[in-house]
Amino acid sequence: MIEYRPLRVALLGAGSVGSQVARLLLTNRVELAARVGAELELVGIAVRNLDAKREGDLPASLFTTDAETLILGADIVIEVMGGIEPARSYILLALNSGSDVITANKALLATHGTELFDAAEQVGAQLYFEAAVAAAIPIIRPLRESLAGDKVTRIMGIVNGSTNYILDRMDTAGLSLEAAMVEATDLGYLEADPSLDVEGFDAAQKAAILASLAFHTEVPLEQVYREGITKVTAEQMIAAKRDGYVIKLLAICERIAADDSGEGGISVRVYPALIPQEHPLGAVRGAFNAVFVEAEAAGALMFYGSGAGGVQTASAILGDLVSAAKRHVAGGPGLADSVHANLPVLPIERVLTRYQITLGVADQPGVLAKVAQTFADHDVSIETVEQGLRAVAGRKSVALLEIGTHQASDAALSAVVAALAASDAVESISSVIRVEGI
Ligand code: NDP
Ligand code: HSE
């Protein structure tokens, strides 16, 4: 029996995600009330344009352009507008008036998260954000709750679906980057500003959120190292496949041990890298997402599923809504994320990784020795070398060398690349890519 008063839910936004949240809330009203112990009453939906054509059959009477009045009359506010302003101001208004807030807005959390969490803490309200990283995949709650007693050491994830789709099509259908981007655009996978996806900004925002939860540390977005996929070539894809790898845009968050200077910390970074085809992330196809978490006691954990899509994202939001509503009805502790560890976010130079470098060199005696010496000069150990011949018309023959390194600091590896570029033994450098997951 439901004895608690109805809880008033305000929805900000009725686009891809918001329209699905509204539909599920209305369709599953009875079931949700039974789960929560109170009716969840959708009291209004704030939008910009009342005349816009919308998905589903939502009652026109719910729509308003007066978001502030809607917020002030709600117990729980769901923000699925996106962008920084007015989303930030609306969330602050909701929190300061004592409402719990649910948001899917990774861009806002990655840039103004501290301000929003502080505001929530001051008034004892809760800010939920399961949908902000990898949409339908439960990853925020496992990090906030299930792994709260463990020590997460590393997270490696594919957290941007559109770039995974693009790389997958390059890999499986042999498409160029441009052709794969056209497909992704036609399928509606890319953000309105595609650079958010292909330049790695979206993945960097998600990496900042994951790292701050995993390492109990504030992670400013500017300190997330970021490279997108725009320089990945069809030739790199072919070479990767031949060598048993696949190229993925990886978001990596990891603890870094202290070096000789005594400074340890964390690294948070996004870049395309080779990973072995048999690695769990190597099998993540299409627009799917996956997050591979390593923790001291739990060991390796894999989270996999839909990282985008209106209804998939709405699933995560409804999960947060049930949690928030149950807290109203039954009380119980809220979630407070701690940044007590306050670990330094270290620069990319401190990261230990491997490079695979493809060079064109003159096919002459002594050239290989010179190239090898360049690696030795920077204390970088070579693990594999493969040589193929490429005849160039009208000129001396050029040998292609594909060199894989052992693990070394990114500083040493990039110094090797700079030295190779300046070496008279090297005619061209056609590919430099990191290798992860081995
Ligand atoms: P859409 O662009 O489809 O929808 C945005 C909605 O917000 C629209 O209904 C729009 O109103 C409304 N809106 C925008 N600005 C205002 C404003 N100033 N005042 C009132 N209403 C406003 O976005 P999505 O649904 O795709 O995304 C929403 C959020 O969810 C974003 O933060 C996004 O990053 C996040 N997210 C999205 C995923 C996805 O797959 N789409 C996956 C995971 C997270 P109107 O319709 O009148 O223009
Ligand atoms: N642009 C994002 C992606 C949407 O491609 O994953 C989900 O956050």
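Placed above this text is the structure.
J.: Which parts of the structure should I look at to understand the layout of surface pockets?
T.: Roughly 660 Å³ of volume is contained in the second largest pocket. Looking at the second largest pocket, it is lined by 30 residues, and the ones nearest its centre are G113, T114, F117, E218 and V339. Of all the secondary structure elements, the ones that give two or more residues to the lining of the second largest pocket are α5 (106-123) and α10 (201-215). Taken together, the residues of the lining of the second largest pocket sort by class into 16 nonpolar, 8 polar and 6 charged.

J.: In this structure, what is going on with the nonpolar core? I would like to understand it.
T.: Soluble, globular proteins show a tendency: their nonpolar side chains are buried together. Residues I139, L143, V152, I155, I166, L210 and V268 are the most contacted members of the largest nonpolar core, which totals 76 residues. Counting residues per element, this core draws most heavily on α10, at 10 residues. Mapping this core onto the domain boundaries places at least three of its residues in each of domain 1 (7-132 + 311-330) and domain 2 (140-307). The residues touching L210, leaving out its near neighbours within four places in the chain, are V133, I139, I140, L143, I155, V159 and C253. Residues V80, A104, L321 and V322 belong to the second largest nonpolar core, which totals 34 residues.

J.: I'm lost on the packing of helix α13 (residues 367-377) against helix α14 (residues 410-422) in this one. Help?
T.: Angle between the axes and distance between the axes are the two parameters that describe a pair of packed helices. At a minimum axis separation of 9 Å, α13 and α14 run at an interaxial angle of 145°. For the element pair α13 and α14, the recorded crossing hand is right-handed. Of the residues in α14, those touching α13 at V371, T374 and F375 are V416, A419 and L420. Tallied by class, residues from the contact of α13 with α14 come to 5 nonpolar, 1 polar and no charged.

J.: Looking at this structure, I do not really get the pattern of salt bridges. What am I missing?
T.: Oppositely charged side chains can form a pair if their charged atoms are brought close together. If you walk through the whole model with that rule in mind, you get 27 salt bridges. A salt bridge links R269 to E254; its shortest N-O distance comes to 2.9 Å. Of the two residues, R269 is situated in strand β10 (residues 265-276) and E254 in strand β9 (residues 245-256); the sequence distance between them amounts to 15 residues. Pair check on accessibility: R269 and E254 agree, each one buried.

J.: I keep staring at the sheet that holds strand β5 (residues 100-103) and nothing clicks. Help me out?
T.: The strand order across the open sheet formed by 6 strands is β3-β2-β1-β4-β5-β6, and the pairing between neighbours is parallel. Strands with a single pairing partner mark the edges of an open sheet, and in this sheet they are β3 (63-64) and β6 (127-128). Lying over the sheet, helix α1 (residues 16-27) contacts β1 (7-12), β2 (40-46) and β4 (76-79), oriented at roughly 155° with respect to β2. Contacts from helix α12 (residues 310-330) reach β1, β2, β4, β5 and β6 within the one sheet, and its direction differs from that of β5 by about 170°.

J.: Help me understand the environment of L93 in this model?
T.: Here L93 is to be found in helix α4 (residues 87-96). In this structure L93 comes out as partly exposed when scored by relative accessible area, which is 25%. Taking the C-alpha atoms as reference points, L93 and A120, 27 residues apart in sequence, are found 10 Å from one another. Apart from the residues within four sequence positions on either side, L93 is in contact with E68, I71 and L72.

J.: Explain the site of ligand 1 to me, please; I cannot follow it from the model alone.
T.: Neighbouring ligand 1 are 21 residues; A14, V17, N49, R54 and G309 lie closest to it. Taking N49, its main chain carries an N or O atom lying 2.7 Å from an oxygen atom of ligand 1. Coverage of ligand 1 by the protein chains reaches 78% of its 910 Å² of free accessible surface. By residue class, the composition of the shell around ligand 1 is 10 nonpolar, 8 polar and 3 charged.

J.: I tried to follow the packing of aromatic side chains on my own but got confused; where do I start?
T.: Aromatic ring pairs are defined here through the distance separating the ring centres and the angle between the ring planes. According to the stated counting rule, one finds 4 aromatic pairs in the structure shown. Relative to Y189, the ring of Y165 lies with its centre 5.1 Å away and its plane at 75°, an arrangement referred to as edge-to-face. Of this pair, Y165 sits in helix α7 (residues 161-173) while Y189 sits in the loop between α8 (177-186) and α9 (195-198); the two residues are 24 residues apart in sequence, bridging distant segments of the chain. Judged by relative accessible area, which is 12%, Y165 ranks as buried. For the ring pair F288 and Y304, a centre distance of 5.3 Å and an interplane angle of 10° mean the geometry is stacked. With F288 in strand β11 (residues 288-295) and Y304 in strand β12 (residues 299-306), the pair connects residues that are 16 residues apart, well separated along the chain. By relative accessible area, which is 34% here, F288 ends up partly exposed.

J.: Is there a simple way to think about unusual backbone geometry in this case?
T.: Across residues other than glycine, the phi torsion is negative in most instances, and most of the peptide bonds are trans. The peptide bond linking E85 to P86 adopts the cis configuration, its omega dihedral lying at 5°. As for its position among the elements, P86 is in the loop between β4 and α4. A positive phi angle, near 50°, is found at N342, a position not held by glycine. If you trace the backbone, N342 turns up in the loop between α12 and β13 (352-362). Look at N342 and you get exposed, because its relative accessible area is 58%.

J.: Where do I start with the pairing of strand β7 (residues 152-158) in this structure?
T.: On a regular strand, one side chain projects to one face of the sheet and the next to the other, so that they alternate. Across the 7 residues that make up β7, a large majority, 6, are buried. With 6 bridges connecting them, β7 and β11 associate as antiparallel partners. Bridge pairing links I158 to A290 in β11.

J.: I keep staring at the site of ligand 2 and nothing clicks. Help me out?
T.: Taken together, K106, N160, G161, S162, E191, D197, D202, K206, G307 and A308 make up all the residues around ligand 2. Residue K106 places a side-chain N or O atom 2.6 Å away from an oxygen atom belonging to ligand 2. Taking E191, its side chain carries an N or O atom lying 2.7 Å from a nitrogen atom of ligand 2. For ligand 2, whose free accessible area comes to 260 Å², the fraction covered by protein is 88%. Of the residues in the shell around ligand 2, the class split is 1 nonpolar, 4 polar and 5 charged.

Rules used throughout
- Residues numbered from 1 in each chain as written.
- Chains lettered and ligands numbered in written order.
- Predicted model: local features only at pLDDT ≥ 70, side-chain atom pairs only at ≥ 80, totals over all residues.
- Heavy atoms only, no water.
- 1 Å grid on protein atoms, 1.4 Å probe; cavity = no way out; pocket = protein on both sides within 12 Å on 5 of 7 lines; lining within 4 Å.
- Points joined across faces, edges and corners; volume = space filled by probe spheres on them.
- Helix = DSSP H or I, 4+ residues; strand = E, 2+ residues; numbered from the N terminus.
- Nonpolar A, V, L, I, M, F, W, Y, C, P; charged D, E, K, R; others polar.
- Core = buried A, V, L, I, M, F, W, Y, C linked by side-chain atoms within 4.5 Å.
- Buried < 20%, exposed > 50% of the residue type's maximum accessible area, 1.4 Å probe, protein only.
- Domains from an automatic or database assignment.
- Contact = heavy atoms within 4.5 Å.
- Axes fitted to C-alpha atoms, helices over the stretch in contact; angles between N-to-C directions.
- Left-handed = near helix turned anticlockwise from the far one by under 90°.
- Salt bridge = Lys/Arg side-chain N within 4 Å of Asp/Glu carboxyl O.
- Pairing = 2+ DSSP bridges.
- Near = heavy atom within 4 Å.
- Polar contact = N/O pair within 3.5 Å; in protein donor to acceptor, adjacent residues only side chain to side chain.
- Areas by Shrake-Rupley, 256 points an atom, 1.4 Å probe, with all protein chains shown as cover.
- Phe/Tyr/Trp six-rings, centres within 6.5 Å; stacked < 30°, edge-to-face > 60°.

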